[in-house]
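Commentary on secondary and tertiary structure
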2 protein chains.
Amino acid sequence: MATPATPLLKDQLDIVIPTIRNLDFLEMWRTIFQHYHLIIVQDGDPSKTVKVPEGFDYELYNRNDINKILGPKASCISFKDSACRCFGFMVSKKKYIYTIDDDCFVAKDPSGNDINALEQHISNLLTPSTPYFFNTLYDPFRAGADFVRGYPFSLREGVPTAVSHGLWLNIPDYDAPTQLVKPLERNTRYVDAILTIPKGTLFPMCGMNLAFNRDLIGPAMYFGLMGDGQPVGRYDDMWAGWCTKVICDHLGLGVKTGLPYIYHSKASNPFVNLKKEYKGIFWQEEIIPFFQAATLPKGCTTVQQCYIELAKQVKDKLAKVDPYFDKLADAMLMWINAWDELNPSGAAGAAASGTSK
Amino acid sequence: MATPATPLLKDQLDIVIPTIRNLDFLEMWRTIFQHYHLIIVQDGDPSKTVKVPEGFDYELYNRNDINKILGPKASCISFKDSACRCFGFMVSKKKYIYTIDDDCFVAKDPSGNDINALEQHISNLLTPSTPYFFNTLYDPFRAGADFVRGYPFSLREGVPTAVSHGLWLNIPDYDAPTQLVKPLERNTRYVDAILTIPKGTLFPMCGMNLAFNRDLIGPAMYFGLMGDGQPVGRYDDMWAGWCTKVICDHLGLGVKTGLPYIYHSKASNPFVNLKKEYKGIFWQEEIIPFFQAATLPKGCTTVQQCYIELAKQVKDKLAKVDPYFDKLADAMLMWINAWDELNPSGAAGAAASGTSK
């Protein structure tokens, strides 16, 4: 039953935080985050100053920095929206990324102990996923669990885990209509499970508390065009999730969801959210069947190749839903160009050049 | 947050118990089971007497009864193996079935309260399933939960739930090799979740603590040929689960797993189990890809039609693995014949004739 201590991967993981405010929330995370490098991406007016508490190792990018670094390709990075966080994924040189929203605090487990979310994410990423057959006792790689009777032995090795999707206690991640209908609902249920999302199944990926292996899946973690000048918001992480899942399924990589929880402190304004979301609520009815049906050619063997192919399919099949998708498909290609420019050794080799910034 | 009380469905549910011993375990379930009719199927020597504690409403079938009722078709029902439980599914006239092993006791939740497993199963069966898209907060129909942001509204109605697969605290349902390697492992993790197994994903269905809607899926719940005279054991529930899942996916029905837990008291002998299982351990490496690839023609619109088609495919594609599957395919057809003979109004109409026995 003994499990080895989870390595902390101090030199191999960056924490990416999009923000418009002062990062006071970091105080609560100090003992956990202080060992890591932070990449802060300012998602609002670049003339304002984001204050970071003393003692953290960080770099901060505002819109002017992004424009300077990416030049004309900066247009693929959203402005005045937390979707800009993906710029942090691109400039990182580490193997692993953890991204968290600045209204997320340390949660407590049912025994009242602080949850080290980062340690759990690392453990999720370092153990295999099992996308080809469901294990009824959930993650078989956790202490005290295993594969149950009837689980084929040939599938027990699993596949490398690319994504660890963590959850939220207190304010659940609801859409605006659900927020409006259930303003008082709080998530108080601590579900002590991690599980692999099966191959061929899509899920709503939330960017609030998310970790991934940048070497394995980084270039798919593009958060799209949201915010300033765009017709839709709050679909940045969903878009990244759909693309990521289709590519993980194609490349034989795993996506886990469940633990760890963070404590989500503040519900965003449902009226503002409704304005941002309402087109997405229509569009997702066509987007999701598109992604459910999407297949990638065998020849696509890198994340970049898969992503470029997916961008073509978006242009072919979703542009008729709204011209926005035509623009988004172009931005997807621009994103890959920018990624490759900043990561010249290629996705799989990016870690090799991984000197900490 | 208030949820309506779960109806108890007293006249609509039978409890099916396979046994070779005296049913002392029923004492612990008295307050829960006493309102229901029990169908006891004796899986050993019919000359021995099974004693049922006073005060339960039951009918008991031994091998002689099965032979008398089914005549030559009785050969599709396993002898000296708990797989014979499916005879109870066939003779029931109720809409719902709960089946439980006689070494399963009432479990306690983390607060120390007795878990009413049956009530949770009924609640699982009476609320829809969501097989087409994963909800990260698990069952959206539970109190305090809902569909999360990004879940398509068109899919929120869900589909009817056909199966509720419950889990086990204490002795986990491991295969013989895992039992041998981890003799002391106990399942102590109470995972407070119910979830739908996504469409297209197979799972290892355990018959220890299982409920289903007999009208929706009954004829697929055939537990195969095990025990006396057969080359394999402990794959009865697995077989039923694979067939059931493929048919549920085809017919647009849901399968849930998770809560409720029962307390599984006694590990079976791993050496005996290994002898029963070892061919299955080889065979499942071919059986599972077979079921993963199986598709049913659109014309199959009843469970019986689906099952007959599946039997044909078993004969065509698995008989080459071992002659056993040729015999099993024949038994599958015999099972459907017997089912239809005992349930002349057809699967969908069985409830209409549902006078309590």
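Residues numbered from 1 in each chain as written. Chains lettered and ligands numbered in written order. Predicted model: local features only at pLDDT ≥ 70, side-chain atom pairs only at ≥ 80, totals over all residues. Heavy atoms only, no water.

If you check an unreviewed UniProt entry, chain A appears there as UDP-arabinopyranose mutase from Nepenthes gracilis. Reading the Function (unreviewed entry) entry of the UniProt record for chain A gives the comment "Probable UDP-L-arabinose mutase involved in the biosynthesis of cell wall non-cellulosic polysaccharides." UniProt, in the comment section headed Subcellular location (unreviewed entry), describes chain A in these words: "Golgi apparatus". (UniProt positions renumbered as here; feature names shortened; annotations may be inferred.)

Residue and element names in this part refer to chain A. Of the residues in chain A, 96% reach a pLDDT of 70 or more, and the chain-wide mean stands at 94. Under a pLDDT of 50 for its full length, residues 347-357 has, in the predicted model, 21 contacts with residues more than four places off or in other chains. Model confidence for the complex is summarised by a pTM of 0.95, with the ipTM given as 0.94. (pLDDT = per-residue confidence, 0-100. Contact = heavy atoms within 4.5 Å.)

All names here are of chain A. Taken together, the side chains of Leu 180, Val 181, Phe 271, Leu 274, Tyr 278 and Phe 282 define a hydrophobic patch exposed on the protein surface, amounting to about 650 Å² of accessible area. Those elements that place two or more of their residues in the nonpolar patch are helix H5 (176-181) and helix H8 (270-293). Ranked by residues supplied to the nonpolar patch, first place goes to H8 with four residues. Looking at the element boundaries, Phe 271 is found in helix H8. (Patch = residues over 30% accessible without salt bridge, like charges linked within 9 Å, V, L, I, M, F, W, Y side chains within 5 Å. Areas by Shrake-Rupley, 256 points an atom, 1.4 Å probe, with all protein chains shown as cover. Salt bridge = Lys/Arg side-chain N within 4 Å of Asp/Glu carboxyl O. Helix = DSSP H or I, 4+ residues; strand = E, 2+ residues; numbered from the N terminus.)

A few words on helix H9 (residues 303-318) of chain A. Across its 16 residues, H9(A) extends 21 Å between first and last C-alpha, which sits within 8% of the 22 Å expected from 1.5 Å per residue. Listed in full, the buried residues belonging to H9(A) are Val303(A), Gln304(A), Cys306(A), Tyr307(A), Glu309(A), Leu310(A), Ala311(A), Gln313(A), Val314(A) and Leu318(A). (Expected span 1.5 Å × (residues − 1). Buried < 20%, exposed > 50% of the residue type's maximum accessible area, 1.4 Å probe, protein only.)

This part takes up the UniProt feature "site: Required for activity" (unreviewed entry) in chain A. Under the feature "site: Required for activity" (unreviewed entry), the UniProt entry names Arg149(A) and Arg156(A). Within the secondary structure, Arg149(A) sits in the loop between helix H4 (117-126) and strand E6 (161-170). If we ignore the near neighbours within four places in the chain, the residues touching Arg149(A) are Asp173(B), Tyr174(B), Asp175(B), Pro204(B), Cys206(B), Arg234(B), Asp237(B), Met238(B) and Glu277(B). In this structure the side chain of Arg149(A) is engaged in a polar contact, spanning 2.8 Å, whose partner is the backbone oxygen of Arg234(B). (Polar contact = N/O pair within 3.5 Å; in protein donor to acceptor, adjacent residues only side chain to side chain.)

So, on to the packing of aromatic side chains. Residue and element names in this part refer to chain B. Considering all chains together, one arrives at 40 aromatic pairs over all chains under this definition. Relative to Tyr 151, the ring of Phe 133 has its centre 5.0 Å away and its plane inclined at 90°; by these criteria the two rings are edge-to-face. Linking Phe 133 in the loop between helix H4 (117-126) and strand E6 (161-170) with Tyr 151 in the loop between H4 and E6, this pair joins segments that are 18 residues apart in sequence. Each member of the pair, Phe 133 as well as Tyr 151, carries the same accessibility label: buried. (Phe/Tyr/Trp six-rings, centres within 6.5 Å; stacked < 30°, edge-to-face > 60°.)

With that out of the way, let us pick up unusual backbone geometry. Phi is mostly negative for residues that are not glycine, and the peptide bonds are mostly trans. With an omega of 5°, the peptide bond running from Leu259(A) to Pro260(A) counts as cis. With respect to the secondary-structure elements, Pro260(A) resides in strand E9 (residues 254-264). Backbone geometry at Lys80(A) places phi at a positive 55°, although glycine is not the residue there. Structurally, the position occupied by Lys80(A) is in the loop between helix H2 (63-70) and helix H3 (85-91). The backbone of Asn170(B) sits at a positive phi, close to 75°, despite the residue not being glycine. Along the chain, Asn170(B) falls in strand E6.

Moving on to the pattern of salt bridges. All chains considered together, the criterion is met by 36 salt bridges over all chains. Across the pair Asp101(B) and Arg85(B) runs a salt bridge, and its minimum N-O distance is 2.6 Å. In this pair, Asp101(B) sits in the loop between strand E4 (96-100) and strand E5 (104-106) while Arg85(B) sits in helix H3 (residues 85-91), placing the two residues 16 residues apart along the sequence. By the burial criterion, Asp101(B) is buried, and Arg85(B) matches it. Two residues, Lys245(B) and Asp249(B), come together in a salt bridge whose shortest N-O distance is 3.0 Å. A residue pair is termed a helical-turn pair when its members lie 3 or 4 positions apart in one helix, as Lys245(B) and Asp249(B) do in helix H7 (residues 236-251) at four residues. Salt bridges linked by common partners bring Arg142(A), Asp192(A) and Arg189(B) together as one network.

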